[in-house]
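Structural overview for review
Okay, here's what each chain looks like letter by letter:
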Amino acid sequence: MPLNSLLAISPIDGRYRSQTESLSVYFSEYALLRYRVWVEIEYFIALCELPLEQLRAIPARAIEDLRRINLNFSEEDAIAIKDIERTTNHDVKAVEYFLRGKLDQLGLIEYKEFIHFGLTSQDINNTAIPASFRDAVEGEYIPAVARIIERLLALRREWKDVPM
């Protein structure tokens, strides 16, 4: 269902949606959940690589399996997290439980207690949100500025013989 601009939170996602739609990859609720999943997974992998004694026996294939969770993150995954959140009433805790379920599916049940180990919700958010800004700057802002500069240089060449 298309977003009714009258029901949008702001004009950015309402009447300007066509100009800002590419930013939803970085700043939507779905994106925030995906970035949180990425932070949790990469932190867990970092614990494995220390190596943390309790994680020494984790199979090497598990690292790629874990990264695939993030690479293949889908709207269905985001919906599953939001469903968990209805029970936990806590957004980051829902991501943690989602990932624990994924470890169960991967046969890594004995390691799932190390998802979110030693972290706070703010540790996750304070990494996920800047990562989304970094990616938006690299993926959207810098290329847009480069196109503007390219266009200005083209105009300069086109109009170089016209007196001001």
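The rules behind these values
- Residues numbered from 1 in each chain as written.
- Predicted model: local features only at pLDDT ≥ 70, side-chain atom pairs only at ≥ 80, totals over all residues.
- Heavy atoms only, no water.
- Helix = DSSP H or I, 4+ residues; strand = E, 2+ residues; numbered from the N terminus.
- Expected span 1.5 Å × (residues − 1).
- Buried < 20%, exposed > 50% of the residue type's maximum accessible area, 1.4 Å probe, protein only.
- Contact = heavy atoms within 4.5 Å.
- Phe/Tyr/Trp six-rings, centres within 6.5 Å; stacked < 30°, edge-to-face > 60°.

**Some points on helix 7 (residues 121-158)**
Along an α-helix, a turn takes 3.6 residues, which lines up residues three or four apart on a common side. Here helix 7 spans 54 Å end to end across 38 residues, near enough to the 56 Å set by a 1.5 Å rise per residue. Inspection of helix 7 places Ser-121, Ile-124, Asn-125, Ala-128, Ala-131, Ser-132 and Ala-136 among the buried residues, and these make up the whole buried set. In this fold, the buried residues of helix 7 make contact with helix 2 (24-27), helix 3 (29-49) and helix 6 (91-105).

**A short note on the environment of Leu-66**
Assignment of secondary structure puts Leu-66 in helix 4 (residues 60-71). A C-alpha to C-alpha distance of 6.5 Å links Leu-66 and Ile-41, two positions 25 residues apart in sequence. Here Leu-66 is in contact with Ile-41, Phe-44, Ile-45, Leu-103 and Leu-106, once residues within four sequence places are set aside.

**Observations regarding the packing of aromatic side chains**
Applying the stated rule across the entire model yields five aromatic pairs. A centroid spacing of 6.2 Å and a plane angle of 55° characterise the contact between Tyr-26 and Phe-27, whose relative ring orientation is tilted. Judged by relative accessible area, Tyr-26 falls into the buried class, the value being 12%. What makes Phe-27 partly exposed here is its relative accessible area of 39%. Counting every residue linked through ring pairs, the aromatic cluster contains Tyr-26, Phe-27 and Phe-133.

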